[in-house]
Amino acid sequence: EKAEPLRVMISGAPASGKGTQCELIRTKYDLVHVAAGDLLRAEVAAGTENGKRAKEYMEKGQLVPDEIVVMMVKERLSQQDSLEKGWLLDGYPRSVSQATALKKFGFDPDIFILLEVPEELLVERVVGRRLDPVTGKIYHLKYSPPETDEIAARLTQRFDDTEEKVKLRLLTHNSNVEAVLSLYEGITIRIDGSLPKQEVYSEIDCALTKLHEQKQAPLGSL
Ligand code: AP5
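Source: prediction; values computed, not measured. (Residues numbered from 1 in each chain as written. Predicted model: local features only at pLDDT ≥ 70, side-chain atom pairs only at ≥ 80, totals over all residues. Heavy atoms only, no water.)

Draft legend 1. Looking closely at helix 10 (residues 197-216). The terminal C-alpha atoms of helix 10 lie 28 Å apart, and with 20 residues this matches the ideal 28 Å at 1.5 Å per residue to within 8%. Restricting attention to buried positions, one finds in helix 10 the residues Val200, Tyr201, Ile204, Asp205, Ala207, Leu208, Leu211 and Lys215. Buried residues along helix 10 sit in contact with strand 1 (6-12), helix 1 (18-29), strand 4 (111-116) and strand 7 (188-192). (Helix = DSSP H or I, 4+ residues; strand = E, 2+ residues; numbered from the N terminus. Expected span 1.5 Å × (residues − 1). Buried < 20%, exposed > 50% of the residue type's maximum accessible area, 1.4 Å probe, protein only. Contact = heavy atoms within 4.5 Å.)

Written out as structure tokens, the structure is:
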């Protein structure tokens, strides 16, 4: 019999490494990566009404209103691939109302991963971050430099990746994080996200492997 798919939430301050860890997790576990920020940036790039409204909030580092974000995430999680393979939800929920809405639609996580990184490291991570528009891969000029000159030449920067903007995003994060965490107490694992990315990943990998085994042999089936 086929194992039940994993349902994973990953959370943490801006630039704590959510997207970076999701790349690594997805490669091994073949989960569908659903990143609220990426879905929003796609709307902004497409120039839709929702995208135009969302951008106003994103530029201020504030939460985009629920009526835009909730349905967007719900629709992505409802697609066949997410239902079949399982999902890796990145940057959602960021408020109690977002968590409640998702639960109402029947999407419950098996595990809630929290990346903990001291604030003084976050600004440097944001300012040095670069993205490859061709592969979607996340780089950092110092910590994960591009492999070739060709890649280096095409790297881009996110519109909200300035020191000033990340401080605003951090304020928003800090005012919501405790309330969200209290909803997932029993299934939360806290990971030291200040370590090098492969070390952060091995802790996550351990936890997910354990979870995966539990799901293949649910209690009572042995
Ligand atoms: P979003 O895109 O989710 O931004 P964020 O939460 O600020 O997080 P980031 O994407 O900046 O960072 P990350 O944790 O993925 O770090 P990364 O792996 O890239 O949201 C943007 C905006 O959209 C929000 O401000 C809000 O307006 C809106 N929004 C999003 N979700 C919403 C929601 N649910 N509701 C309402 N509004 C919402 O790493 C960062 C850098 O560090 C990279 O350069 C990387 O190479 C480097 N790095 C990573 N790990 C390490 C390591 N271990 N050591 C050294 N360097 C590392």
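Draft legend 2. Layout of the site of the ligand. Neighbouring the ligand are 35 residues, the closest being Thr20, Gln62, Arg94, Gln98 and Arg129. A distance of 3.0 Å is found between a nitrogen atom of the ligand and a backbone nitrogen or oxygen belonging to Val64. With the chains in place, 96% of the 1000 Å² that the ligand exposes on its own is no longer accessible. Residue assignment for the shell around the ligand shows that the elements contributing at least two residues are helix 1, helix 2 (36-46) and strand 6 (138-140). With 4 residues, the single largest contributor to the shell around the ligand is helix 2. Of the residues belonging to the shell around the ligand, the class tally is 15 nonpolar, 11 polar and 9 charged. (Near = heavy atom within 4 Å. Polar contact = N/O pair within 3.5 Å; in protein donor to acceptor, adjacent residues only side chain to side chain. Areas by Shrake-Rupley, 256 points an atom, 1.4 Å probe, with all protein chains shown as cover. Nonpolar A, V, L, I, M, F, W, Y, C, P; charged D, E, K, R; others polar.)

Draft legend 3. Structural detail: the packing of aromatic side chains. Throughout the structure, instances matching the rule amount to 2 aromatic pairs. Plain terms: the ring middles of Trp87 and Phe107 are 6.5 Å apart, the flat faces sit at 70 degrees to each other, and that makes the pair edge-to-face. With Trp87 in strand 3 (residues 86-90) and Phe107 in the loop between helix 6 (96-104) and strand 4, this residue pair connects regions lying 20 residues apart in the sequence. The exposure class assigned to Trp87 is buried, which follows from its relative accessible area of 2%. On the basis of relative accessibility, which here comes to 11%, the residue Phe107 falls in the buried class. Ring centres 4.7 Å apart and planes at 10 degrees place the aromatic pair Phe112 and Tyr184 in the stacked group. With Phe112 in strand 4 and Tyr184 in the loop between helix 9 (163-183) and strand 7, this pair connects stretches of sequence that are 72 residues apart. Assessed through its relative accessible area of 1%, Phe112 is described here as buried. The ring of Phe105 carries the charged tip of Lys74 above its face, separated from the ring centre by 4.7 Å. Over the face of the ring belonging to Phe105 we find Lys104, whose NZ or CZ atom lies 5.5 Å from the ring centre. (Phe/Tyr/Trp six-rings, centres within 6.5 Å; stacked < 30°, edge-to-face > 60°. Lys NZ or Arg CZ within 6 Å of the ring centre and 35° of its normal.)

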